[in-house]
Structure formats: structure tokens, C-alpha cells
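The chain contents come next:
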Amino acid sequence: MNKVLDTVDQRTQLVGQNRLELLLFRISSTQLFAINVFKVKEVVKLPAINMLPGSNPNIYGVANIRGTSIPVINLREAIGFSKLPITDDSNLIITEYNRSVQAFLVGKVEHIINMTWSDIMPPPKTSGAHNYLTAITKVEQEGITRLVSIIDVEKVLAEIIDYDVSLSDGVLDESLVPSMPGRKVLIVDDSSTARKQVRDTLTPLGIEIIEASDGLQALRLLQSWAGDGKQVADELLMMITDAEMPEMDGYKLTAEVRADTRMSGLFITLNTSLSGSFNKAMVEKVGCNEFISKFQPDLLVGVVQERLRYLLGK
């Protein structure tokens, strides 16, 4: 499997073309699950695990991977299933999210598939607000169409790691506070947890939050405003968008906005858990104004304040 992942760095060309690659794996005998390859550092067979008494119940323990201690999350239990039995097929998927490295204990790791974001659909609304999926898709295996569930890893991590939305001393510019109430920010993210983190940071400042769960939904909203004669760049203080989303990713969304003269002046911030160096290159390519990696309330408010200063001429 490591050989399969050796060329991950070369796959970055897919992003910006509304494409992605998914790593398929199993945590049950009947269902396929997936996460985006770009968040995967490597896959290893299950090594010796050191237990952590008193840790979160979903922390299986700690693995030593080439001298680095990495927390291991039992993914099956974390999303509400019964305990994953340890077998010869057990693997660790080592990932990097939100500037932290963690491993997910899974069963058999199958292979990588190349897809377009238009093939990725949101979970059915009937699945409820508390499911652990950001999206679903279908793959063909041996002539059989199988459903693939794409895990909302940010939701899993948020239930294990306490993400603090409070601001550090001195971050908030009190001279700008009177200008914040009534300003509108569009948040575009397929993870309800990620949207909540941004909302919980900005709403106390008086900023009005508008939400979209994927890039296509956001684009249609912006197009409808433009069609009604609204000046999109004046309507919104900014748009804060994730990179990975069903139907249309954040890079494609940004490119579409920039190509439409009715909204091309919209201030766009990319807010993602993908690697910073890669996203900085993509920001320049598609024309985002700013990039911040998740989840950093101080930097988020800092970008909002810089935009306000510019608009106010301060």
C-alpha cells in the first residue's frame, strides 16, 4: 500500500480540476469507507500499540512510527460501531488534519480511486444531523455497484480534541468591533463541524453567517444574487471556503467566481485542513485572497479584521 501512496505528491495536479482521489478501506465486512488521499501520509500494518489509561474512549493507544509517537483512533468505534476486531488485515492510516498527525485504526485497506467531485454526493438528508459522513459515492467492483461512505474526519476529531474558539489576548481590535455587526460572511464547507467552528468564532462579534454545504450550492447562491442585481462583493464581507467538497471543490468554486464579472471582486479566503504549502500554491493558481489552515480562531479573526480595515480605509 505504501507503494500506492508513493506518488501522492504528484497527484496535486488533480486539484483545481474538480478531481480527487479516495483511499478505500473497510471497518466492517459489508461497507466501504474512504478519505481523501491528500490527507493521507502513509498506510502501515498495525504495529505494537501502547495503551493510554484515562484517555478518550476512542483513542486505541499510541503507535511509535519511526521514532514519532502518534495517537491511534479506533475509527470504527469513533463513528458509533461496535469495537473493531484486530486481524491480519488491520492497518493504520496515518493522516494530517488541522496541523496535527493521527492514525486511524481500520481493517483492510483496498485501493485508490480517481473521481470528479461531481461524482461525490452529500449524504441523504434523512441520515440525520449527527451522522459521521461528509459525502457518499459509488464505485464498480467486479461488476457490482457499491456505495462508498466518505468519513467526516473533522467531526470525529472534534469529539476527541477540544477545539477552543476563544481568542488570544490582543487579537481583537476594539476599534473595529463597532463595524462588525451586520457584516455578512458566507461559509462554504461540507463538514457541519467545521462550519460550526467558524460560526462560533465570528457570530459573537456580530457578524451574520450564511452557510453552504458545498461549492455548487454556494455558486448557485452567488449567481442568484447577481441575477437579482445585487453587488456580491458589497453584499459579503468575504467568502470562507473549504477545499474539499461534494459536487464542486473550493478551488473550482473560486475559479468560477473569478470568471464571472458580476462577482469577481469577492474577497475569498481558503480555510482547509489540507497541507499549507500545497494550498498556498493553489491559492495563487485559482486566485484566493488569503489562506488559513483549520482551525485557528486568531488567524480567522485576523483575516476578517484585515478585510474590514481595507474597506474602512484604516
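Coordinates for the structure precede this section.
Residues numbered from 1 in each chain as written. Predicted model: local features only at pLDDT ≥ 70, side-chain atom pairs only at ≥ 80, totals over all residues. Heavy atoms only, no water.

(A) Layout of the overall build of the protein. Across its full length, the protein holds 9 helices and 16 strands. By the burial criterion, 52% of the 314 residues in the protein qualify as buried. Of the roughly 14300 Å² of accessible surface on the protein, a fraction of 49% belongs to carbon and sulfur atoms. (Helix = DSSP H or I, 4+ residues; strand = E, 2+ residues; numbered from the N terminus. Buried < 20%, exposed > 50% of the residue type's maximum accessible area, 1.4 Å probe, protein only. Areas by Shrake-Rupley, 256 points an atom, 1.4 Å probe, with all protein chains shown as cover.)

(B) Region of the structure containing the pairing of strand E14 (residues 238–241). Alternating residues of E14 divide into Met238 and Ile240 and Met239 and Thr241, and every residue in both groups is buried. In this structure, strand E12 (residues 184–188) lies alongside E14, joined through 4 bridges in parallel fashion. For Val185, the partnering residue across the bridge sits in E14 and is Met238. Judged from the 3 bridges that link them, E14 and strand E15 (residues 268–272) form a sheet pairing that is parallel. Looking at the pairing, Ile240 lines up with Thr269 of E15. Note on the crossover from E14 through helix H7 (residues 250–259) to E15: the handedness is right-handed. (Pairing = 2+ DSSP bridges. Right-handed = clockwise from strand over helix to strand, strands pointing away.)

(C) Representation of the packing of aromatic side chains in the model. Counted by the stated rule, this structure contains 2 aromatic pairs. Relative to Phe33, the ring of Phe25 lies with its centre 6.4 Å away and its plane at 25°, an arrangement referred to as stacked. Judged on exposure class, the residue Phe25 and its partner Phe33 are both buried. Pairing Phe33 with Phe81 gives two aromatic rings, centres 6.2 Å apart and planes at 70°, and the pair type is edge-to-face. Placement of the pair is Phe33 in strand E2 (residues 32–36) and Phe81 in the loop between helix H2 (75–78) and strand E7 (91–97), with a sequence separation of 48 residues. By relative accessible area, Phe33 is classed as buried at 2%. In this structure an aromatic cluster arises from ring pairing among Phe25, Phe33 and Phe81. Positioned above the aromatic ring of Tyr132, the side-chain terminus of Lys155 is 5.1 Å from the ring centre. (Phe/Tyr/Trp six-rings, centres within 6.5 Å; stacked < 30°, edge-to-face > 60°. Lys NZ or Arg CZ within 6 Å of the ring centre and 35° of its normal.)

(D) The arrangement of the sheet that holds strand E6 (residues 68–74) in detail. Spatially, the 6 strands line up as an open sheet ordered E3-E7-E8-E6-E5-E4, and their pairing is mixed. Looking along the sheet, the strands with just one partner apiece sit at the ends: strand E3 (40–45) and strand E4 (49–50). In terms of strand pairing, E4 meets strand E5 (residues 59–65) through 2 bridges, oriented antiparallel. The partner of Ile49 across the bridge, within E5, is Ala63.

(E) Quick peek at unusual backbone geometry. Each neighbour pair has its own omega, and for Lys294 with Phe295 the value is -25°, a cis peptide bond. Within the element layout of this structure, Phe295 appears in the loop between strand E16 (290–293) and helix H9 (297–312). A positive phi angle is found at Arg66, which is not glycine, with a value near 50°. Locating Arg66 in the fold gives a position in the loop between E5 and E6. For Arg66, a relative accessible area of 66% puts it in the exposed group.

(F) Structural context of the sheet that holds E2. The sheet built from 5 strands is open, its strands ordered E9-E1-E2-E11-E10 with mixed pairing. At either margin of the open sheet sits one strand with a lone partner, and together these are strand E9 (109–116) and strand E10 (133–141). Neighbour-to-neighbour, the strand axes of this sheet turn through a mean angle of 35°, independent of strand direction. (Axes fitted to C-alpha atoms, helices over the stretch in contact; angles between N-to-C directions.)

(G) Spatial organisation of the environment of Leu52. Among the structural elements, Leu52 can be located in the loop between E4 and E5. On a C-alpha basis, the gap between Leu52 and Val62 in space is 7.2 Å, while along the polypeptide they are 10 residues apart.

(H) Region of the structure containing the pattern of salt bridges. One pass over the structure, following the stated rule, counts 16 salt bridges. Among the ionic pairs, Glu159 bridges to Lys155, the shortest N-O distance being 3.5 Å. Judged by its relative accessible area of 39%, Glu159 is partly exposed. Exposure remark for Lys155: the relative accessible area of 10% places this residue in the buried category. Measuring nitrogen to oxygen at the nearest pair gives 3.4 Å for the salt bridge that ties Lys294 to Asp242. (Salt bridge = Lys/Arg side-chain N within 4 Å of Asp/Glu carboxyl O.)

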